[in-house]
Every structure is written in structure tokens, then in C-alpha cells.
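The primary structure of each chain is shown beneath.
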Amino acid sequence: MITEILDTISGAIREPRLADLILADMHLYAVLPRLEELARLDEEAGAIARELDMTLEFLVRGGPRVVLTFADGKVTSYRMGRANTGLFFLSCDLLNRMFAGEDVTPIPFKGITRVGQLKKFTRLTEIMTRYLKPSDADMEDAAFRKSHVEMSLMVGLSASGVVADRDPRARRLVDDLRDGTIQYKILPDGPNAYVRIEKGVIRAFNGIVKDPTACIEIRDVDLAVGLIAGEVDTFAANGSGDVKASGDLAMADEFNGMFDRVGLYLE
Amino acid sequence: MSLYKFNKSNEMFQRATAVIPSGISGNKNPAFAVPGSFPYFAERGEGCRYWDVDGNEYIDYLCGYGPIILGHNHPAVDEAARKQQAMGSAFNHPTVRSVELAERLVSMVPVAEWVAIGRNGSDVTAYAVQVAREHTQRRKIIMAKGAYHGSQSWCRHGIGGLIEADYEHVLQFDFNDATQLSDLVKQHEGDVATVILTPYHHPAFGDQVMPAPGFMEEVRRICDENGIVFIIDDVRAGFRLDMGGSNEYFGYKPDMICFCKGMANGYCVSAACGHMESKNAASRVFFTGTYYTNAVEIAAAMACLDELENTKAIDKMMKTGTLLQEGLRERAGAHGLQVSVTGPPTLPFMTFANESNFLRSQMFSGEAARRGVILHPHHNWFMMAAHEESDVMKTIEVADRCFAIVKKQFGD
């Protein structure tokens with residue numbers, strides 16, 4: 001117990017390791033914002049989101065900050081703004097350990113009376129974990145697989161923006177990327193998402209963009225599951241026609257390297 | 001005509017993916033052309049044509065990405081290789097062929113006062129920058145953004161397998177922007193070993209760009225004033241513009257030059273050449289590879305260079321390349337399409353002027369391949385001496401049909 005307390009204190013005092021900082025950024029800027037999709041994709045999550053009415057701030061010492069707004073059943077995330085409820089983490093490492101499923105208790109610094117709402121929020125995160133780290137039993141269900149792909153795709157694309165900001169090797173890739181959009185389509189009917197790259201900044205969006213600079217079409221959800229799990233050779237899938245790439249293939253290929261960088265942290 | 005199918009290519013690719021990472025590695029992976037509308041595996045070649053594993057016949061404007069400069073299976077080059085093969089090729093020592101090739105290049109290439117022989121372009125570009133570092137005792141390498149100098153760690157695109165230290169001393173500037181170059185040299189004063197450029201800018205996924213008036217002369221001046229070694233990577237364009245090196249075509253003088261493609265008509269030989277001032281430094285850089293002294297390839301290179309000179313092959317390629325460039329411009333215009341035909345006639349390339357995502361190029365190239373002409377959508381093309389005017393005219397006929405398809409699909 002004393003060792004754990006000392007670990008926590010020392011983690012709070014020292015500067016975060018770059019890897020911890022990047023992972024914390026990913027958790028707050030790429031994973032948590034996916035509650036937006038979760039509320040739409042999952043019935044229970046949608047019901048909980050409709051019951052919630054708060055603005056919840058995650059604040060990490062020496063690390064990222066995000067504000068989640070729950071209103072009218074919708075979840076929106078901002079990097080700025082005021083919140084009526086707040087959770088403080090002494091270090092990036094502590095935040096990351098909580099996301100890894102360890103028993104970490106953040107320090108509530110605002111809205112302490114909203115314990116009930118926070119419990120519901122905790123349930124939301126459990127549901128999200130189910131979609132991002134699914135069990136074999138869950139993956140038996142075709143509709144679940146599709147939702148898993150949508151959530152994972154958006155996490156991956158959003159997290160690319162995070163690694164592009166901080167990871168030196170990802171930075172090299174971004175420096176070579178020209179401005180434009182890359183569309184990802186899962187055939188035959190989605191999910192679809194795209195990234196917009198503008199002066200080295202990467203932002204992810206759901207849906208279809210007009211006239212993308214490059215377009216990646218994936219044969220079906222099951223192949224997308226394999227790609228997300230890193231079990232499919234993308235070049236081989238491209239040659240066989242399972243993945244169809246068109247447009248600026250150099251840009252798409254360079255961007256593909258971002259997923260590898262994201263995977264290194266999120267694993 | 002019935003359009004080509006690629007069933008055996010696809011079958012072969014499936015086999016390949018089981019045992020070879022990506023099925024086909026590097027730039028020859030189908031992902032970089034038009035998957036489904038391009039052949040994946042070749043069977044045989046003759047002159048300016050080759051056949052894929054499905055038996056489809058193509059007029060070849062990619063030339064193995066450059067090395068086929070005379071034509072597939074050229075009799076004089078193959079005969080020289082066969083003669084040497086009968087005597088043996090891989091020995092404990094080099095053969096006299098190595099000395100003969102070095103002497104040949106020294107007599108032919110003004111920059112060359114010494115020659116080091118390798119196998120691939122990457123061998124000699126990597127060696128050249130090491131020689132520059134050794135000669136100057138400095139660290140920094142300056143290259144143009146988007147330029148390709150091989151697959152070695154210092155210049156490879158992407159990040160796969162690389163660590164930051166691999167490229168921390170490599171700086172980049174926009175081709176033709178001498179001010180940017182000058183600023184970089186000032187920022188790293190006393191630490192720049194070399195400026196390495198291609199003789200003109202020929203990036204993949206982009207139009208080819210000729211040196212702006214005075215640019216190369218300014219590079220020369222900056223290098224001279226700062227004691228920097230000026231290297232020309234002529235691996236891709238070498239012997240398609242001038243037998244003395246492509247810089248001679250443009251009229252400027254580097255300190256070192258690298259050759260490979262076009263040197264031996266498909267046999268793997270490359271060479272780094274330099275001035276006498278850097279010869280001692282070149283000796284101090286350990287340069288070797290298992291096959292660097294193999295005599296068959298070097299004999300083939302000698303025969304190829306002879307053939308290129310004796311038949312005035314560059315003149316012929318200039319003529320057929322010009323015919324192709326003019327024909328493409330004219331046919332595209334007839335369909336109301338705007339194209340950008342760039343590069344010298346012997347290394348032409350075409351993109352569609354009103355797009356930045358290559359969709360028209362990919363459709364054009366895919367349809368051309370399915371009609372028997374290989375015109376890559378993203379990489380510059382190559383002329384070879386075996387192209388006759390009749391081949392070019394047939395190509396323009398095919399291009400005309402492909403332009404019509406693009407027009408129908410995209411409208412302009």
C-alpha cells in the first residue's frame with residue numbers, strides 16, 4: 001500500500017514520459033470522444049446518455065484536458081470550455097492505468113454531488129470498452145462487429161491526429177503528407193469515415209467526403225475486423241482486390257504508417 | 001478487341017502472398033499501380049514488348065522501371081553476357097572487365113575521374129554520400145523534397161524499419177528554390193557534406209520538373225563557396241539524355257555522379273563516379289557486396305554502352321519520345337481533356353491537369369494496360385531504343401480510346 005502511494009506521488013511529481021503523454025492524449029482525444037458514436041450505436045448507452053445532463057472535465061496533471069458535454073442524449077467533446085463536474089488525475093500514467101482497467105480513483109474537483117451521474121458515466125465507459133476490446137462471444141454477432149469496426153476506425157483515425165502531434169516518427173510521416181482528405185469505406189454500406197489533413201493537422205470525421213484525395217474501400221466488415229486486429233497484410237489485400245485504393249496512393253500509403261504508430265501505443 | 005484479363009496474375013499473387021511479405025515487395029507491388037487492371041507477373045520479353053503470365057502482350061513504357069534501354073533480350077548485350085558466362089563470373093577477385101568498365105566511364109563521363117562499381121542504384125547513392133561525408137568530414141546531407149535516392153535508411157520514404165537517427169542529418173528543400181537551399185546551408189554552416197539532386201526533378205506521384213534557369217548554377221556556386229560536394233543521382237535518367245551524364249544535357253557540373261538504370265539493359269550494374277579530389281576519400285569508404293565484381297553483368301554493361309553509342313540510341317529515343325508526347329497532347333486536346341505532359345522526351349510522363357488525386361490517370365493507365373500498353377499512372381515512363389514509330393503510333397491509338405473513356409467518366 002505504501003509502495004503504491006509512493007509510486008503515485010512520484011508519478012505525479014516527475015514529468016510524464018512521452019509515451020505516457022501520447023497514450024493519455026489518445027485516451028482523452030481519440031477514445032473518450034467516441035462516446036458520441038456509442039450513444040448512437042448502442043441502445044443501453046443511448047439510454048444512459050439521455051439520462052445524463054452534465055459537463056464533465058477530465059484534467060490530467062502535465063497532460064491533456066477534455067470536456068464532455070451530455071445534453072439531449074448526445075455526447076460532445078471539446079478541448080476547451082467550462083464544466084460543472086471534474087475529475088483530476090495526478091499523472092498521465094494514472095489516467096492510462098484507469099483506461100487499462102486498473103482500479104484507479106481520480107480526484108473529483110467539481111460537482112462532487114453528481115455521484116449518481118458519474119456512476120452512469122462509468123457504465124458508459126464499460127460499454128465502450130466492450131466495443132473496443134470485444135469478447136469472442138460479442139464478435140459472433142454481425143451487428144456488433146459492424147459497430148466495433150465503426151468505433152475502432154474512428155479511434156484509429158482520431159488517434160492518428162494525436163500521434164501526429166507528438167510522436168517524432170509519426171511527425172516525419174505527417175511532414176511528407178500533402179493537404180487533402182482520405183476516405184475509408186467499408187463495403188457495401190459502411191461504416192464510413194475520413195480524415196482531413198491540413199498543414200500537418202489531422203482531424204477525423206464520420207461519413208463520406210466529396211472528392212477525397214485518396215479513397216480506401218474495404219471489401220466487408222469481416223475484412224475490416226482483420227485489418228483492425230492487424231491480421232491482414234494490407235498490400236496483399238490491395239493486390240487481391242479485397243482492399244481497393246484509388247486516388248493519391250502515395251498519400252494513402254504514408255498515412256497507413258500512422259495506424260502502425262497508433263497501434264504501438266494503444267496496444 | 002477483347003480486353004485483357006489477369007486471372008493467372010491474380011492466382012500467382014495469391015500464391016505469392018502466402019510466402020512473400022506483401023506478395024510483391026516495394027514499388028512493384030500492385031498497390032502502387034492500378035490493382036485489377038495491371039499485370040502482376042511477367043513471363044518473357046522481346047524488343048519493346050513483353051508478355052505477362054496470362055499471355056497478354058504489352059508495349060512497354062516502364063522498361064522494368066528504367067533499366068531496359070535498348071530493348072528486352074537485346075542480342076548484342078545478351079551475347080556479351082553469354083560469352084563472359086562461359087568463362088565464369090563470380091570469382092575471388094574482380095576480372096579485367098571491372099577495370100575496362102571504369103576506364104570506359106572515365107573516358108566517356110566528364111565528371112568521372114574515378115569509378116566505383118556496384119549492383120543497384122541504392123548501392124552507389126549511399127556510397128556517394130558516404131564519400132562526401134568522408135571527404136568533407138561533415139554530417140549533413142541536403143536533398144530535394146519528394147526526390148527518390150534509393151531504399152537505404154538515410155533516404156527511404158516512410159518510417160518502416162527506420163529510427164530517427166537514420167534521417168536526423170538529412171535536410172530537405174524544394175527543388176528549384178535556391179534560396180531555401182542557401183538558408184539551409186547557412187543554418188548548418190560548416191556541417192553540410194553534400195547536396196544530392198537528380199538531374200531534373202522526377203518524383204513519383206507528380207509532374208516532372210526541369211531545373212529552372214540558373215538553379216543548378218546557383219547550387220554549384222553555393223556548394224563551391226561552402227566546400228560542399230555536389231552529387232547528381234543520375235540512376236534513373238542516366239544514358240537517356242547524354243552519354244556523358246544527364247548534367248551534360250543541361251549544362252552544369254557536379255562533383256560526383258551515380259548511374260545504374262540504363263547502364264546494362266537490365267543486367268544489374270551501377271557506378272559512382274567522382275573527381276580526383278575525392279578519390280582518396282572514396283578509397284577510405286569500405287564499399288563491397290557479394291556480387292559487385294561479377295563479370296557477366298559488367299560485360300553486359302560494356303556491350304550496352306557500346307550499343308547505345310554506336311546506334312545513337314539517345315537520338316532515336318528523343319525522336320520517338322517526342323512523337324509520343326506530341327501525340328498524347330494532341331489526342332487529349334481532341335477529346336477536350338487537359339493533360340500535363342512533362343519531362344524530357346526520353347522519360348516522358350503525363351498527368352491530367354485538372355485533378356490532384358490521380359483518378360483520371362488511374363483510369364487512363366488501367367484501360368491502356370487492358371489494351372496492351374503499359375503507361376504507369378504515378379511513375380514517369382521510359383523510352384527504349386527498341387520503340388519504333390509504329391509502336392508509338394499504336395500507343396497513341398490506344399491512348400485515344402482511353403481518353404474517350406476518361407472523358408465519358410469524368411466529363412473533362
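None of these values were measured; they are calculated from a predicted model.

**Q** Sorry, what's going on with the overall build of chain A here?
**A** The helix and strand tally for chain A stands at 11 helices and 10 strands. Taking 2.2 N^0.38 as the reference for a compact globule, 267 residues should give roughly 18 Å; the C-alpha atoms of chain A span a radius of gyration of 19 Å, in line with that estimate. Considered along the principal axes of its C-alpha atoms, chain A spans approximately 55 × 40 × 35 Å. Expressed as a percentage of the 267 residues in chain A, the buried residues total 51%. Pairs at least 24 residues apart make up 69% of the contacts formed inside chain A by residues separated by at least 6 positions. Total accessible area on chain A stands at roughly 12700 Å², and carbon and sulfur atoms take up 52% of it. If you average the places of the 33 positive and of the 42 negative side-chain charges in chain A, the two averages end up 6 Å apart.

**Q** What exactly am I supposed to notice about the pairing of strand E9 (residues 214-218) of chain A here?
**A** Each regular strand displays side chains that alternate between the two surfaces of the sheet. Residue and element names in this part refer to chain A. Counting buried positions over the 5 residues of E9 gives 4, a clear majority of the element. Note: strand E6 (residues 180-186) against E9, 5 bridges, orientation parallel. Within the sheet, the bridge partner assigned to Lys 185 lies in E9 and is Glu 217. The pairing of E9 with strand E10 (residues 243-247) spans 5 bridges and is classified as antiparallel. Along E10, the bridge assignment pairs Ile 216 with Ala 245.

**Q** Whenever I open this one, the packing of aromatic side chains confuses me. Can you help?
**A** The geometry of an aromatic ring pair comes down to the distance between the two centres and the angle between the two planes. According to the stated counting rule, one finds 26 aromatic pairs over all chains in the structure shown. Where Phe250(B) meets Tyr252(B), the ring centres are 6.3 Å apart and the plane angle is 20°; that geometry is what we call stacked. Where Phe287(B) meets Tyr292(B), the ring centres are 4.9 Å apart and the plane angle is 50°; that geometry is what we call tilted. Tyr292(B) gets classed as buried once you look at its relative accessible area, which sits at 13%. A connected cluster of aromatic rings, assembled from ring pairs, spans Tyr200(B), Phe230(B), Tyr249(B), Phe250(B) and Tyr252(B). A cation sits over an aromatic face here: Arg79(A) above Tyr29(A), 3.6 Å from the ring centre.

**Q** I tried to follow the nonpolar core on my own but got confused; where do I start?
**A** Nonpolar side chains in soluble globular proteins tend to end up buried together. Residues and elements named next belong to chain B. Judged by nonpolar contacts, the single largest core of 118 residues is most densely connected at Leu 101, Leu 105, Leu 197, Phe 239, Phe 364 and Phe 403. If you tally residues by element for this core, the top one is helix H10 (residues 295-310), at 9 residues. Here this core spans two domains, since at least three of its residues come from each of domain 1 (7-62 + 312-410) and domain 2 (75-310). In this structure, Leu 105 is in contact with Ala 112, Val 115, Phe 239, Met 263, Ala 271 and Leu 305, ignoring residues within four places of it in sequence.

**Q** How should the pairing of strand E9 (residues 256-259) of chain B be read in this particular structure?
**A** Residue and element names in this part refer to chain B. Alternating positions in E9 separate into two faces, Met 256 and Cys 258 on one and Ile 257 and Phe 259 on the other, with burial throughout. Here 3 bridges tie strand E8 (residues 229-233) to E9, and the two strands are oriented parallel to one another. Directly across from Ile 231, in E9, lies its bridge partner Met 256. Sheet topology places E9 next to strand E10 (residues 270-274); 4 bridges connect them, and they run antiparallel. Bridged to Cys 258 within E10 is Ala 272.

**Q** Looking at this structure, I do not really get helix H3 (residues 96-108) of chain B. What am I missing?
**A** At 3.6 residues per turn, the α-helix brings residues three or four places apart onto the same side. Residue and element names in this part refer to chain B. Counted at 1.5 Å a residue, the expected span for H3 with its 13 residues is 18 Å, and the 18 Å between its end C-alpha atoms agrees. Looking at H3, one finds that the buried residues are Ser 98, Leu 101, Ala 102, Arg 104, Leu 105 and Met 108. For H3, the angular spread of buried residues about the axis comes to 160°, placing them on one side. Among the exposed residues of H3, those pointing more than 90 degrees away from its buried face are Val 96, Glu 103 and Ser 107.

Conventions used here
Residues numbered from 1 in each chain as written. Chains lettered and ligands numbered in written order. Predicted model: local features only at pLDDT ≥ 70, side-chain atom pairs only at ≥ 80, totals over all residues. Heavy atoms only, no water. Helix = DSSP H or I, 4+ residues; strand = E, 2+ residues; numbered from the N terminus. Rg over C-alpha atoms; globule rule 2.2 N^0.38 Å. Buried < 20%, exposed > 50% of the residue type's maximum accessible area, 1.4 Å probe, protein only. Contact = heavy atoms within 4.5 Å. Areas by Shrake-Rupley, 256 points an atom, 1.4 Å probe, with all protein chains shown as cover. Lys, Arg positive; Asp, Glu negative; His and termini not counted. Charge placed at Lys NZ, Arg CZ, Asp CG, Glu CD. Pairing = 2+ DSSP bridges. Phe/Tyr/Trp six-rings, centres within 6.5 Å; stacked < 30°, edge-to-face > 60°. Lys NZ or Arg CZ within 6 Å of the ring centre and 35° of its normal. Core = buried A, V, L, I, M, F, W, Y, C linked by side-chain atoms within 4.5 Å. Domains from an automatic or database assignment. Expected span 1.5 Å × (residues − 1). Arc of directions from axis to C-beta.

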